[in-house]
Structures are given as C-alpha cells and as structure tokens.
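Here are the chains, one letter per residue:
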Amino acid sequence: MFSRKNKLLLLKLLSLFSVVRGYNILMIVAAQYLASIYILAPDLPLREVVFDFNLFAIVLASALVIAGGYIINNFYDAEKDLINKPTKSMLDRLVSQRFKLSTYFVLNFLAVFAASYVSFRAVLFFSIYIFGIWLYSHKLKRIAFIGNVVSAILAIAPFFAVFVHYKNFATVIFVHAMFLFLLILVREMIKDLENIAGDLAQNYKTIPVLYGVRFSKRCISVLILLTLLPSLLLINYFDVGYMYLYFIGCIFLLVLFLIMLWKAKTKLHYVGLHNILKLIIVVGVFSILLINVDLVLNRIL
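The model shown is predicted, which means the values in this text are computed figures rather than measured ones.

Draft legend 1. Geometry of the overall build of the chain. Counting its regular elements, the chain contains 16 helices and 0 strands. Buried positions account for 48% of the 301 residues belonging to the chain. Once local pairs closer than 6 in sequence are excluded, the contacts in the chain between residues at least 24 apart make up 78%.

As structure tokens, then:
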C-alpha cells in the first residue's frame, strides 16, 4: 500500500505529466523518427537513421522545448482553463506555479544543451523556437487568426529541424507539410469554438469572440477545402505507397467533419470535432509505415 506521502508524490507526477501533455510529446517523437525513416531519409540504412546521434539530439531538444512550451502555456492560461477545463485544471494545480516555472527553465536549458551537440545553428534554431513559444503564450495567442497561424507553425517546427538536418528538399515533403499545417490550423480554430466561454471571460480576441461563430465556421470550411488539395495531390501525383489509403480516408472524414461542423451548437459538439482531427493526425503518424511496408525489413542490414 502507498503511504499518504507517496500518493501525493504520485499525484504530483501525474499532474506534471498532464501539464506537459506527455502523450502528445511521445507522439511527436514517434512522428519525427517515422518521418526521418520513411520520408526524409528513405535511402539511408535503417540503423544509420535510428542510431544517428544528431537526430536523437534534435528529437530530444524538440521534446524538451515542447514540454516547456506546454508548461508556459498552462501558466498563462491558468484562469481561462478553470472555466474551459475545470477537471484538468484541478489536477494541474497540484503542482505549484513556482515549480512549473522552475521546470520550464530547466527543460529549456537542457534543450539548448542537447542542441549544442549538433551545431551552433541548432542552438540558434531552438533558442528562437523557445522564444517563439513564449511570445505566442504571452501575447500572440490572444490575437485573432495570428495566434492560430503561429500556433500551427510552432507545431510543425520540430519537423522542420529534422528536415534541415537531412537536407531533403523533395516536393512531396512540402506537400505533406502543407497537409499537416492546414489540419493543425483547423484544429486550433476548432479549439477557439470549444473554449469560447473562457476566451470571452479572459478577453481573448479570437475569431469567434470578435466575428461570431458563423464566420469562424466559414473560415474553417475554407481551410478544410484547402486541406483536400494536398490530399488529392498525394493520392494522384506522388508515390506514397499504401499511404494513399489514409488520404482517401481523410477526404471522407473531412467531408463528414464539414457536415458535423455546420450542425454543431454546443461545446460537446466541438469537442467531438476536435477529436476527429486528433484521430486523423494520430492515424497519420502511424500511416507513414504504409509508404513502404517492406522498407524496414529491407534496410535492417
């Protein structure tokens, strides 16, 4: 049996894991490695990619910066989250704001230290990335559309770091990146609809707050239609192996998403839409394996 002290420690660890969204970070790490193996460096031996220390340092630095970003975002959104996510907020508050800030600085220091093993340019990139996340959390997220776009850019930045590391400038990579960017941008705008009550209370100038829910839905609809373009390009003009099945599935899901969007009226409806987008992104990470199902077996030696 756990003692009271051990139970409290376990709850605090769970709280910290909730704050840094450890499940998201694990997914990003998996996505960076899979993208490296199947998209960015498909011609290199598997072992050379998996045991590339510079890649490991970049992925580690990305994970640490993202964890720090979730902490600083949680710090600035504490009051808003009490309205939008009361249950999660109660768990998050088991860890003090002071401890969160201390952890934030430690994580960022470790990230820059890991990047220093790669190059000075990597240190510069992650330093700018850290600053960008802080600026977004402190100021930019309160500004309509700019906050959404910056958030989407910050979300794909870790993949840009790996992209630069392998110096692969194939067109298909940019099409993949555009597909992911648009999906994340839609997700950010859905989150604004989902969190409109807290945004109104805390004076966040989001699109639904300034221009209304209907206008926000129109913007999201345009973005969904734009997302169909890279999907169709990847199906018809690029060799993505069996991953084309994923993009066909995405088209059907996004059409369903549009129908549900215009019927949505409550927060629960928007949470459901948000979950559809998360499902598309998570399935997309593992669908990278479909690009070449024999690739790993053929590249072990």
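Draft legend 2. Local environment of a nonpolar patch on the surface. On the surface, Phe-53, Phe-56, Leu-60, Val-106, Phe-109, Leu-110, Phe-113 and Tyr-117 cluster together into a nonpolar patch covering about 810 Å² of accessible area. Among the elements of the structure, helix H4 (53-76) and helix H7 (97-115) are those that each provide at least two residues to the nonpolar patch. Top element by residues in the nonpolar patch is H7. It accounts for 4 residues. Summarising the element assignment, Leu-110 is placed in helix H7.

Draft legend 3. Region of the structure containing the environment of Lys-205. If you trace the backbone, Lys-205 turns up in the loop between helix H11 (196-201) and helix H12 (207-211). When the C-alpha positions of Lys-205 and Arg-142 are compared, they lie 5.3 Å apart, and in sequence the two are 63 residues distant. Setting aside residues no more than four positions away along its own chain, Lys-205 makes contact with Arg-142, Ile-143, Ala-144 and Leu-210.

Draft legend 4. Structural context of the packing of H7 against helix H8 (residues 120-138). Interaxial distance between H7 and H8 falls to 8 Å at its minimum, and their mutual angle equals 155 degrees. The angle between H7 and H8 falls in the class roughly antiparallel. Viewed along their axes, H7 and H8 form a crossing whose handedness is right-handed. Only Ala-122, Val-123, Phe-126, Ser-127, Ile-130 and Trp-134 of H8 make contact with H7, whose side of the interface consists of Tyr-104, Asn-108, Val-112 and Ala-115.

Draft legend 5. Spatial organisation of the packing of helix H9 (residues 146-166) against helix H10 (residues 171-194). One can describe the packing of H9 onto H10 by two numbers: an axis separation of 8 Å at closest approach and a directional angle of 150 degrees. Remark: the crossing between H9 and H10 carries right-handed chirality. For the pair formed by H9 and H10, the contact residues are Asn-148, Val-149, Ser-151, Ala-152, Ile-153, Ala-155, Ile-156, Phe-159 and Phe-163 on the first element and Ile-173, Phe-174, Leu-180, Phe-181, Ile-184, Leu-185, Glu-188, Met-189 and Asp-192 on the second.

Draft legend 6. Fine view of the packing of aromatic side chains. Under the definition given, this model contains 15 aromatic pairs. When the centroid spacing of 5.5 Å and the interplanar angle of 80 degrees are considered together, the rings of Phe-113 and Tyr-117 count as edge-to-face. Using a relative accessible area of 45% as the deciding quantity, one classes Phe-113 as partly exposed. Aromatic rings pair up to connect Phe-125, Phe-126, Tyr-129, Phe-160, Phe-163 and Phe-174 into one cluster.

Draft legend 7. Quick look at H9. For H9, which comprises 21 residues, the first-to-last C-alpha distance of 30 Å matches the rise-based estimate of 30 Å (1.5 Å per residue) to within 8%. Where H9 bends most, at Ala-157, the angle is about 40 degrees, and the proline Pro-158 comes one to four residues later. Lys-167 occupies a position one or two residues after H9 and carries a positive phi of about 50 degrees.

Draft legend 8. Main features of the pattern of salt bridges. Using the criterion set out here, one finds 2 salt bridges in the structure. For Glu-188, the salt bridge goes to Arg-187, with nearest N and O atoms at 3.3 Å. Comparing Glu-188 with Arg-187, the two get one shared label, buried. Residue Glu-188 pairs with Lys-191 through a salt bridge whose shortest N-O separation is 3.4 Å. Taken as a pair, Glu-188 and Lys-191 lie in helix H10 at a separation of 3 residues, close to a single helical turn. Overall, Glu-188 belongs to the buried group, its relative accessible area being 6%. Through salt bridges that share partners, Arg-187, Glu-188 and Lys-191 make up one connected network.

Draft legend 9. Representation of unusual backbone geometry within the structure. For Phe-145, which is not a glycine, the phi torsion comes out positive at approximately 65 degrees. Looking at the secondary structure, you find Phe-145 in the loop between H8 and H9.

Draft legend 10. Focus on H10. Spanning 24 residues, H10 covers 35 Å between terminal C-alpha atoms, matching the ideal 34 Å at 1.5 Å per step. Taking burial as the measure, the 24 residues of H10 include 17 buried ones, the bulk of the element.

Draft legend 11. Molecular detail of the nonpolar core. Core analysis: the largest hydrophobic core is formed by 87 residues, its most contacted members being Phe-126, Tyr-129, Val-186, Ile-190, Ile-220 and Phe-257. Excluding residues within four positions of it along the chain, Phe-257 makes contact with Val-186, Ile-190, Ile-220, Ile-224, Leu-273, Ile-276 and Leu-277.

Draft legend 12. Here's a closer look at the environment of Arg-142. When you line up the elements, Arg-142 lands in the loop between H8 and H9. What makes Arg-142 partly exposed here is its relative accessible area of 30%. Excluding its chain neighbours within four sequence positions, the residues that come into contact with Arg-142 are Gln-202, Asn-203, Tyr-204, Lys-205 and Thr-206.

Parameters and conventions
- Within each chain, residue numbers correspond to sequence positions counted from 1 in written order.
- The model is predicted, so local features are restricted to residues of pLDDT at least 70 and side-chain atom pairs to those at 80 or more, both for listing and for counting; the totals for chains, interfaces and linings are taken over all residues.
- As a rule here, side-chain values come from all non-hydrogen atoms in the structure, and water together with hydrogens is ignored.
- A run of H or I in DSSP becomes a helix once it reaches four residues, and a run of E becomes a strand once it reaches two; helices and strands are each numbered from the N terminus.
- Residue exposure (1.4 Å probe, protein chains only): buried if accessible area is under 20% of the type maximum, exposed if over 50%, otherwise partly exposed.
- By definition, residues are in contact when any of their heavy atoms lie within 4.5 Å.
- Like charges within 9 Å and nonpolar side chains (Val, Leu, Ile, Met, Phe, Trp, Tyr) within 5 Å are joined into patches, using only residues over 30% in relative accessible area that form no salt bridge.
- Working definition of accessibility: Shrake-Rupley area with a 1.4 Å probe, residue cover restricted to the visible protein chains.
- By salt bridge we mean one thing: a side-chain nitrogen of Lys or Arg within 4 Å of a carboxyl oxygen of Asp or Glu.
- Only C-alpha atoms enter the line fits that serve as axes; for helices the fit covers just the stretch in contact. Angles between N-to-C directions range over 0 to 180 degrees.
- Small angles under 35 degrees read as roughly parallel and large ones over 145 as roughly antiparallel, with 65 to 115 read as roughly perpendicular and the rest as oblique.
- Less than a right angle of anticlockwise turn of the near helix away from the far helix marks a crossing as left-handed, whereas a clockwise turn marks it as right-handed.
- Each Phe, Tyr or Trp ring, with Trp reduced to its six-membered ring, pairs with another whose centre is within 6.5 Å; inter-plane angles below 30 degrees give stacked pairs, above 60 give edge-to-face pairs, and intermediate values give tilted ones.
- Any helix carries an expected span of 1.5 Å times its number of residues minus one.
- Throughout, bend refers to the angle between the axes fitted to the seven residues that end at a position and the seven residues that start at it.
- Residues enter a nonpolar core if they are buried and are Ala, Val, Leu, Ile, Met, Phe, Trp, Tyr or Cys, with the set joined through side-chain atoms within 4.5 Å.

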